[in-house]
Amino acid sequence: MSTKKIVIDPITRIEGHLRAEVEVDDNGIVQEAYVSGQLFRGIEIILKGRDPRDAGLMAGRICGVCTNVHFRAAITSVEDAYMIEPPKNAQIIRDLMSMALFIQDHVVHFYHLHSLDFVDVTSALNADPKLTSKEAHKYTDHPFRNSHSHYEAVLVKLQNFVNAGKLGPFKNGYWGHKDYRLTPEQNLILISHYLEALEFQASISKAVAIFGAKTPHPQTLVVGGVTSVADMLNPQRLNDYLFVIKDAKEFITRAYLPDMKLIAMAYRDEIKAGLGRANGNFLCVGGYEFEGEQNLFSSGIIYGHDFTKIEEFDESKISEEVDRAWYSGDAKDNEVCYTDLNEDGTLKTAKNDDKYSWIKAPRYDKKTMETGPLARLMVSYSKGNKLIRSFVDEFLKDTDLELIDLSSTVGRNCARAIETNYICEYIFKLVSRLIQNIKYYDTDTWTKYDFNALEKDAKGRAFFEVPRGVLSHFVNIKGEKIENYSVIAPTTWNATPKNYDGLRGAYEEALVGIKIEDTSKPLEVLRVLHSFDPCLACAVHVIDSQGKELSRYKINTL
């Protein structure tokens, strides 16, 4: 049987430049996949020779979306190197910023980066507003903005886009594609929430900014604690934060979560078939203390979807290779070794030693791993985490699904929505703990230290669960300056190239076996990759150690 190669470059509605090449047989079934990060990473090089206390401000520029998480991981890795423990209040404030970012990131990802893989915008024009209102009640007793007049207004707005000859934010979709499953009324519900989510993301950003001074690129995290003392002690600022989260919770429980139930029911056959399922190796480092020693996320490792056996996470089992990434030598030296494309413009992948991505190849115990909301849910639920178990059980009951079903393209999105729901629930407990501390005169936000008295040479690391998965920062300090810095981001884990071991990463594994109905409109490929919420900016950057441009790319969007 012959095979045909399909190239998608760039993949849009993500952060950064991602390229996918899939080989399909005569029936349109994907037989092999190669996913490539297309720009070089260089932030670690910029950090060399810098004062370690400045690491956060620079590492936060790795990405324009994941700013807070890189800032925090960099600060924490330096604190680990110097054995500095921030006060409890500082930890809570950092967690409040992180939790608000989880909420913002997940909602924005689904509605603005991923929902159009399921929603046929032009189909919504045929919806009946009254039937739409009735349809929304199938997924929740209290649908968000659910009135005939509201849906009529959305239809007018959508029709105006069409009449103007351009669909604005809905331009260039594969409208009418065979794999769209939703009815016109279901499409209208999700488009309505798409538009509402535009306002949502502006509002939830305020929650991060209250303690971070601004967002993106917050300013208030420092080695030893935080500087937003006045915000912490101001009852109005705390109330402002709670007000934003309260509104966010309403949108999540009345719109986001019901929408995922809607899609789970519409794509039930694909979920049951396991479309978009990777190899079932899940990595979670846990964290975010809520009740005593109980963490919101449990740490652990699952291999091959065996939920009965959870291994404890061991950081010594992490390695990073570059055999099939565009570097030479050791994975730590970042020495560029770019090989050009084939004459037809495709990646060089025919040989086992062909390099085809700027993304390095992390392994855990020599295995590729999936990380992210699905991995967190699988590990935490399987370990009996009481903080999340009831939320998962309720969703599975309402959709008549099993735990294994979540290991799929649609299931990955369900896991993200479930996670957003329980984060919203527990974030109020964090604020209560902060208020209790202040009430009993604990107002410390910074651990005092004398930098000149610290060890001149030190090593530190930080592991965090962030919206897209496991993030780790490693710092090596010599003579009070950063000698070496390394970052392994969630997308680096999920988008890893095959390496000499031939093992597919989560992206590539999830693509193999899916059927592409129309090879000129590979909606199915986009749907799988978007379900991971790729952030290539966290994995790649265009700069060398002298700050020179390496290459210039022009993308034809016509």
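Description of the structure in this document.

What counts, and at which threshold
Residues numbered from 1 in each chain as written. Predicted model: local features only at pLDDT ≥ 70, side-chain atom pairs only at ≥ 80, totals over all residues. Heavy atoms only, no water. Salt bridge = Lys/Arg side-chain N within 4 Å of Asp/Glu carboxyl O. Helix = DSSP H or I, 4+ residues; strand = E, 2+ residues; numbered from the N terminus. Buried < 20%, exposed > 50% of the residue type's maximum accessible area, 1.4 Å probe, protein only. Core = buried A, V, L, I, M, F, W, Y, C linked by side-chain atoms within 4.5 Å. Contact = heavy atoms within 4.5 Å. Phe/Tyr/Trp six-rings, centres within 6.5 Å; stacked < 30°, edge-to-face > 60°.

Next up on the list: the pattern of salt bridges. Opposite charge on two side chains permits pairing when their charged atoms draw close. Under the criterion given, the structure shown has 37 salt bridges. A salt bridge links R19 to D9; its shortest N-O distance comes to 2.8 Å. Taken as a pair, R19 in strand β2 (residues 18-25) and D9 in the loop between β1 (3-8) and β2 lie far apart in primary sequence, 10 residues in all. Looking at R19, the relative accessible area reads 4%, which means it is buried. The exposure class assigned to D9 is partly exposed, which follows from its relative accessible area of 40%. Among the salt bridges present, the one from K261 reaches D398, with a minimum N-O distance of 2.8 Å. Taken together, the positions of K261 in helix α9 (residues 235-266) and D398 in helix α12 (residues 389-399) put the pair 137 residues apart, joining distant regions of the chain. Relative accessible area serves as the criterion here: at 10%, K261 is assigned to the buried category. Overlapping salt bridges, with partners in common, bring together E32, K498, R504, E508 and E509 in one network.

Within the largest apolar cluster, 133 residues are counted, with the highest numbers of intra-cluster contacts made by I103, F170, Y241 and L296. Of all the elements, α9 adds the most residues to this core, at 14 residues. Excluding residues that lie within four positions of it along the chain, L296 makes contacts with M99, G287, Y288, F290, S380, N385, L387, I388, Y422, I423 and Y426. Judged by nonpolar contacts, the second largest core, of 26 residues, contains I8, I516, V525 and L536.

On to the packing of aromatic side chains. Scanning the entire structure with this criterion turns up 29 aromatic pairs. Ring geometry for Y82 versus F451: centroids 6.0 Å apart, planes at 90°, classification edge-to-face. With Y82 in helix α3 (residues 67-82) and F451 in the loop between α13 (409-439) and β14 (458-466), this pair connects stretches of sequence that are 369 residues apart. You can call Y82 buried: its relative accessible area is 8%. The class of F451 is buried, set by a relative accessible area of 9%. Ring centres 6.1 Å apart and planes at 90° place the aromatic pair F161 and F170 in the edge-to-face group. According to the relative accessible area criterion, F161 is partly exposed, its value standing at 25%. Here F170 falls in the buried class, since its relative accessible area comes to 1%. Through pairs of rings, three or more aromatic residues link up here, namely F102, Y288, F290, F297, F391, Y422 and Y426.

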